[in-house]
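These are the residues of each chain, in order.
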Amino acid sequence: MNGEPDLLIGGKWRHASDGGTRDIVNPADGSVAAVVDEATPDDARDAVASARKAFDDGKWSATPVADRAALLDRVADLLARDKESLAELETRDTGKTLAESRIDIDDVTSVFRYYSRLAAVESDRIVDVGDPAVISRVVREPIGVCVLIAPWNYPLLQISWKIAPALAAGCTMVVKPSEVTPLTTIAFTRLLQEAGVPDSVVNLVQGSGATLGPALTDTPDVDFISFTGGVATGKAISKVAAEHVTKVAVELGGKNPHIVFADIADSGDWDAAVDHVLTGVFLHSGQVCSAGTRLIVEESIADDFVADLAARAEKIRMGDGMDPASETGPLVSEQQRAKIEAFVQQGLSEGAKLVTGGARPSDAALAKGSFYLPTIFDRCDRSMRIVAEETFGPILTVERFTDEAEAIELGNDTEYGLAAGVRTSDQARGERVVRALRHGTVWLNDFGYYTAAAEWGGFGKSGNGRELGPTGLAEYQEIKHIWHNTAPQPAGWFKG
Ligand code: NAP
């Protein structure tokens with residue numbers, strides 16, 4: 001950015017080896033927000049080699065855990081210091097509102113603080129083998145060289161869920177943000193250096209995943225690949241990595257049900273339920289892996305509930321995320337808007353009833369950006385593609401149910417299993433339903449929240465790993481059993 005090199009390899013910032021660059025577009029107005037270096041496969045190979053060398057020299061993994069924890073805390077301090085500039089950069093790159101970007105930076109800060117504390121916790125386990133002369137210990141060690149690949153919807157947030165535990169565990173890494181939204185990851189990598197991350201421990205390349213992918217994944221020099229993105233990419237990476245028996249954790253898409261029971265009508269919870277369903281699906285224009293895009297609502301309240309939702313959706317203020325009056329921004333790119341438009345056509349052709357939206361906004365002030373109106377389709381059923389597939393945009397589909405068993409059945413009728421919401425004033429029913437749902441996160445009478453200390457991940461095609469929480473650190477660790485016999489050795493098996 002600003003003519004400065006954007007690739008960090010072996011502790012040195014460089015331009016791409018072939019001089020290539022990429023324009024990064026602000027989706028709010030189509031302007032070029034920045035021009036960044038576009039790495040080549042050779043650059044990516046250099047980055048992997050640098051991370052390998054840094055891991056194999058053993059200095060970082062041998063750094064006392066208290067020092068690693070202190071470094072993570074310094075990163076958190078710098079994030080707090082640079083919160084506003086990072087938030088603005090994220091907004092210009094992704095289109096999300098500044099208020100959302102500020103929340104993202106606060107969340108990133110909390111993730112570093114959490115892993116700083118967790119890193120410092122003693123994790124060795126002593127095992128009683130029945131012989132006082134034998135000390136049997138199970139210890140955790142860094143897994144090694146990690147390749148960390150992130151998507152474009154929460155660029156800094158998603159990559160921090162990987163970088164923080166990887167650093168805490170003592171790993172070295174190559175970081176690859178999405179080609180669409182690399183700006184905060186570049187700025188953040190500079191901040192990691194300022195915090196004192198040693199040379200070559202964190203390497204950064206950005207550019208097309210299809211081009212850089214083989215250099216990052218089809219190699220025996222990588223010990224762990226942590227990937228967040230779409231199912232097709234996750235499968236492709238897993239296949240390539242299997243050739244090298246490289247461990248892979250994939251965090252993939254979602255098609256998340258939000259189940260609303262009729263009992264909310266009598267409990268005074270109606271407005272809050274409408275609010276949570278709206279926020280759950282239209283925040284960040286629906287470009288959220290855990291967006292509640294499938295409303296599953298009890299038949300007796302469905303007409304009124306959908307009418308209220310539509311009335312509220314039509315009042316959502318769209319605009320440039322930098323404008324404090326904007327409640328939601330554009331889609332991340334023209335390409336993403338074209339996908340949403342195709343899904344809307346699909347919904348119409350499948351016979352879903354368009355209640356609101358289904359078009360670009362008519363406001364001339366938004367004409368240059370990739371905006372799309374919040375869209376609600378009623379009278380949907382699970383045979384429709386808009387109900388089954390992740391649209392990753394501002395589209396809510398509505399299905400209706402008549403009893404609890406049907407609600408659960410519909411909620412579980414997806415090949416994904418990332419997140420779900422349940423809204424009821426009957427606490428016992430709520431507990432029954434959340435336990436019956438096969439999703440990685442389930443919100444009861446709330447939607448969208450998470451904490452650094454609790455695991456995040458999906459069932460089914462939503463992935464096979466877990467981020468955050470203690471499991472999010474364990475992903476970056478190998479387990480070693482050490483059997484130490486302190487007594488003179490007894491005779492072996494063979495006597496001769
Ligand atoms: P994507 O197209 O799969 O890309 C994800 C990342 O993989 C990008 O950095 C991409 O680079 C890179 N990539 C592409 N092909 C690759 C290859 N062959 N080898 C290595 N890397 C490769 O996904 P996306 O469109 O960016 O993100 C949207 C998806 O992410 C949605 O499905 C969403 O649900 C999911 N997501 C899941 C979670 C979760 O926690 N489970 C969180 C956020 C998002 P380029 O950008 O250069 O193509």
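As the structure is a computational prediction, the values presented were derived from the model and not from experiment.

**Q** What is the right way to look at the packing of aromatic side chains in this model?
**A** Enumeration over the complete set of coordinates arrives at eleven aromatic pairs. Taken together, the ring pairs connect Trp161, Trp443, Phe447, Tyr450 and Trp456 into an aromatic cluster. If you follow lysine 96 out to its NZ or CZ, it ends over the ring of tyrosine 154, 3.7 Å from the centre. The ring of tryptophan 13 is capped by arginine 190, whose NZ or CZ atom sits 3.9 Å from the centre of that ring.

**Q** What is the right way to look at the packing of helix 1 (residues 41-56) against helix 8 (residues 209-217) in this model?
**A** Packed helix pairs are characterised by how far apart their axes lie and by the angle those axes make with each other. The geometry of helix 1 relative to helix 8 is characterised by a closest axis approach of 8 Å and an angle of 30° between their N-to-C directions. On the basis of their axis angle, the class for helix 1 and helix 8 is roughly parallel. As for how helix 1 packs across helix 8, the hand of that crossing is right-handed. Packed against helix 1, whose contacting residues are Pro41, Ala44, Arg45 and Val48, the element helix 8 presents Thr211, Leu212, Ala215 and Leu216 at the interface. Its residues assigned to classes, the contact of helix 1 with helix 8 comprises six nonpolar, one polar and one charged.

**Q** What exactly am I supposed to notice about the site of the ligand here?
**A** Surveying the vicinity of the ligand reveals 29 residues, the closest of which are Ala150, Gly209, Thr233, Leu252 and Glu390. Here glutamate 179 contributes a side-chain N or O atom positioned 2.9 Å from an oxygen atom of the ligand. For the ligand, an oxygen atom lies 3.0 Å from a polar atom in the side chain of tryptophan 456. Surface burial for the ligand is 86%, taken as the share of its 910 Å² of free accessible area covered by protein chains. Listed by contribution, the elements that provide at least two residues to the shell around the ligand are helix 8, strand 10 (224-228) and helix 9 (231-242). Two domains each put at least three residues into the shell around the ligand: domain 1 (7-252 + 466-482) and domain 2 (257-444).

About the cut-offs
- Residues numbered from 1 in each chain as written.
- Predicted model: local features only at pLDDT ≥ 70, side-chain atom pairs only at ≥ 80, totals over all residues.
- Heavy atoms only, no water.
- Phe/Tyr/Trp six-rings, centres within 6.5 Å; stacked < 30°, edge-to-face > 60°.
- Lys NZ or Arg CZ within 6 Å of the ring centre and 35° of its normal.
- Axes fitted to C-alpha atoms, helices over the stretch in contact; angles between N-to-C directions.
- Helix = DSSP H or I, 4+ residues; strand = E, 2+ residues; numbered from the N terminus.
- Parallel < 35°, antiparallel > 145°, perpendicular 65-115°, else oblique.
- Left-handed = near helix turned anticlockwise from the far one by under 90°.
- Contact = heavy atoms within 4.5 Å.
- Nonpolar A, V, L, I, M, F, W, Y, C, P; charged D, E, K, R; others polar.
- Near = heavy atom within 4 Å.
- Polar contact = N/O pair within 3.5 Å; in protein donor to acceptor, adjacent residues only side chain to side chain.
- Areas by Shrake-Rupley, 256 points an atom, 1.4 Å probe, with all protein chains shown as cover.
- Domains from an automatic or database assignment.

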